[in-house]
Amino acid sequence: MLIQSIEHTKLDIIGDVHGEIEALNTLLKHLNYNEDGEHPEDRVLIFVGDLFDRGTNSWAVYKKVKHLMKKGRAFCIQGNHELNLLIPDPNFTDDRPKVKAGNEWFHGQVELVNKDDPSSIQPQYLLHTQQERDQIRNFLRPLPLAICAPGIRIVHACWDNDAIHEIQSKTQTADILFSKYEQQCTDRIATQVRDYLNKNPEENTENLTPSTWFKRQSRAHPIRIEAELIEQNQNPIKVITSGKERRLGPHQAPYEAGKKTRYVKRDPWWTNYQDDQVVVFGHYWRKAPYPNDPIDLTPPEKRNIPATFSPEEGPLQWLGPKKNAMCVDYSVGKRFLERHHNLSSGKSGSYLACFRYTKTSDGFDAKLVFDNGNIETIL
Ligand SMILES: [Mn+2]
């Protein structure tokens, strides 16, 4: 099932690991788990997804999480990085893959920190056999997209009741469904483009087919923006694993991201989360509260991306109107940049964190545990 229900009431929910095996092993020790994931209080682990990419050893993270799950001590949901490995471009094969940024290690290729500098190779364990790739894909394919336990729900990026409702009784795996919804979105966009051109024939004096006309429009064209929002927000698998997007506000200038000018931005959906259940997610690169003077390693091409969290949403703050939403991704996926700049781990405020949740008779207890061993009260 894509939405997994469990009855455990003592949960340790771990943020996006992104291949950082050392941070994971250190955090599990601080949390008092043994090698097999046993805990003196009989707690269980939940991984919010994005286990892989960027860090030194995604393969070791895979083996660790698989071992813990086999022992019945851990659960794991899929993030967008897991889905990327499951949905290869149909025009490419594993011998000649179309490699998505971050997936290089999976295809046995080196990844560069700076794409223009061939010497900036990221130290990473690379996969070299099809067997290893198949093993990982077979592990990922049946994983759920959300986990529900008493009083709490966990997703990778976004809890959206419509998206959850749409997929909850589906029996196909996430990657198959993803492609089906993607096709539906493509059809919806085609219909919108046809309608638009019927109403605005003066924009198509050359009498191009709707799809040819569409491709020639700038990304700033209202129909391109509309299409981008349909692709992101009307595919329930995409909504849950990579969140929703919305138009920029009237006073927000378009910005550059990944060499594209963007006219939409991430939607902080938790600001409208009205349910009573606690919701925990990863994905959004929150900043840890240490050190006091973090070094900003954001590459220049990413500095213009609008901030996801508002200034009031501090590093240890509950999120949402009911103060019951929590993002547990504290950006350990940026440690490859710290290594590249010869900085010790955490210097740029990148940590692996755990949301420690304990259901009680009249509510719950929760705190955050970071991989430096710090335990923090949530404000
Ligand atoms: Mn993610």
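Whatever comes next refers back to the structure up there.
Predicted, not measured: the structure shown is a model, and the values here were computed from it.

1. Considerations on the pairing of strand S5 (residues 146–149)
And step 1. Where strand S1 (residues 3–5) meets S5, 3 bridges bridge the pair, whose relative direction is parallel. By the bridge assignment for S5, Ser5 is matched with Cys148.
And step 2. Where S5 lies against strand S6 (residues 152–155), 4 bridges are found, and the strand directions are antiparallel. Counterpart to Cys148 in the pairing with S6 is Arg153.

2. Looking at unusual backbone geometry
And step 1. The peptide bond linking Tyr290 to Pro291 adopts the cis configuration, its omega dihedral lying at -10°.
And step 2. On the secondary structure map, Pro291 appears in the loop between strand S11 (278–281) and strand S12 (325–327).
And step 3. The phi torsion at Asp50 lies on the positive side, around 55°, for a residue other than glycine.
And step 4. Structurally, Asp50 can be placed in the loop between strand S3 (44–47) and helix H2 (58–70).
And step 5. Positive phi values are uncommon outside glycine, yet Asn342 reaches one of about 55°.
And step 6. Mapping Asn342 onto the fold places it in the loop between helix H10 (335–340) and strand S13 (353–360).

3. Concerning helix H6 (residues 174–199)
And step 1. The end-to-end C-alpha distance of H6, which contains 26 residues, comes to 37 Å, matching closely the 38 Å that a straight helix rising 1.5 Å per residue would cover.
And step 2. Buried residues of H6: Ala174, Ile189 and Val193, and no others.
And step 3. In the core, the buried residues of H6 are packed alongside helix H3 (80–86), helix H7 (210–216), helix H8 (222–233) and helix H9 (236–242).

Rules used in this analysis
- Residues numbered from 1 in each chain as written.
- Predicted model: local features only at pLDDT ≥ 70, side-chain atom pairs only at ≥ 80, totals over all residues.
- Pairing = 2+ DSSP bridges.
- Helix = DSSP H or I, 4+ residues; strand = E, 2+ residues; numbered from the N terminus.
- Expected span 1.5 Å × (residues − 1).
- Buried ≥ 20, exposed ≤ 12 C-beta atoms within 10 Å, placed from the backbone.
- Contact = placed C-beta atoms within 7 Å.

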